[in-house]
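Reading the structure
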Amino acid sequence: MSEAGAGVLGLLGGTFDPLHVGHLRLALEAREALGLSALCLIPAGSPPLRALPHCAATQRLAMVECALAGLPGFSVDPGEVLAAAQSMAPSYTVATLERQRRQHGARRPLVLLLGADAFARLESWQRWRELFGLAHIAVATRPGHDIKVGAGDTALAAEFAARRGIAADLAAAPAGRIVPFAITALEISATAIRERLARGLSVRYLVPDPVLDYIESRQLYRTPHGH
Ligand code: ATP
């Protein structure tokens, strides 16, 4: 099979501290809405631009792996976590996409999935304009999380206007489009899950059962962050 023939590959990065069903619905609905042939989750090593995660990178990776075990069409890329074990340098998405591009060849369409909140902050990302040469970007919108690109004249607004496309465009090129797509609103965040666990409350049905087992067996998130 040629690289392009392997189909459109979706990439979902995140801190996954912990992975929850909002992430899994995003992944699944992206596959359906965008016609992805496969989807790869990429736990962040040392995420820049945000507070240190509560759990170690290896634990966050393990939770993603146990949630996806046996799910056809889903895979996990441990690259950022492994790199974080070597150095404390932050993991930048542009470097991860360069590695994915080397792995999958120049022709395979790659699609970076982002929530509308993350997309709105894209201009603060390392070498952000290079992202468009490496992958498409699909922006998940949900009520209350519509796409915001600043007031008319921002560089991101210009890129959005020039690159805006629809799902059918993704297979036609390896990179370069920005495609919004709507997903079901699930008001679930890892922050709220960590807060519930720190208060001794249940997070069953907010995280997949294997993740719940992992958290409970290791008594993770029992203390507020930093304690
Ligand atoms: P935190 O609360 O710690 O910031 P989070 O739950 O937002 O974490 P991340 O790991 O930062 O999770 O998110 C990874 C990706 O998943 C981001 O692109 C984010 O927009 C998206 N995402 C997170 N929660 C949801 C949700 N409930 N529905 C859809 N997308 C989500």
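For the structure itself, consult the block above.
Read on for a plain summary of the structure.

This part is about the site of the ligand. The ligand sits among 19 residues. The nearest are Thr 15, His 20, Leu 186, Ala 190 and Thr 191. Note that a nitrogen atom of the ligand is positioned 2.9 Å from one of the backbone N or O atoms of Ile 188. Starting from 610 Å² of accessible surface for the ligand in isolation, the protein chains cover 88%. The set of elements that each furnish at least two residues to the shell around the ligand consists of β1 (9-14), α1 (21-34) and α8 (190-198). In terms of residue class, the shell around the ligand is built from six nonpolar, nine polar and four charged.

Here we take up the pattern of salt bridges. All told, the structure shown has eight salt bridges when counted by the stated rule. Note that Arg 25 is salt-bridged to Glu 29, the shortest N-O span being 2.9 Å. One end of the pair is Arg 25 and the other is Glu 29, both in helix α1 and four residues apart, which spans about a single turn. Judged by relative accessible area, Glu 29 falls into the buried class, the value being 10%. A salt bridge links Glu 159 to Arg 163; its shortest N-O distance comes to 2.7 Å. Taken as a pair, Glu 159 and Arg 163 lie in helix α7 (residues 155-163) at a separation of four residues, close to a single helical turn. Using a relative accessible area of 12% as the deciding quantity, one classes Glu 159 as buried. The partly exposed category is assigned to Arg 163, whose relative accessible area is 24%.

The rules behind these values
- Residues numbered from 1 in each chain as written.
- Predicted model: local features only at pLDDT ≥ 70, side-chain atom pairs only at ≥ 80, totals over all residues.
- Heavy atoms only, no water.
- Near = heavy atom within 4 Å.
- Polar contact = N/O pair within 3.5 Å; in protein donor to acceptor, adjacent residues only side chain to side chain.
- Areas by Shrake-Rupley, 256 points an atom, 1.4 Å probe, with all protein chains shown as cover.
- Helix = DSSP H or I, 4+ residues; strand = E, 2+ residues; numbered from the N terminus.
- Nonpolar A, V, L, I, M, F, W, Y, C, P; charged D, E, K, R; others polar.
- Salt bridge = Lys/Arg side-chain N within 4 Å of Asp/Glu carboxyl O.
- Buried < 20%, exposed > 50% of the residue type's maximum accessible area, 1.4 Å probe, protein only.

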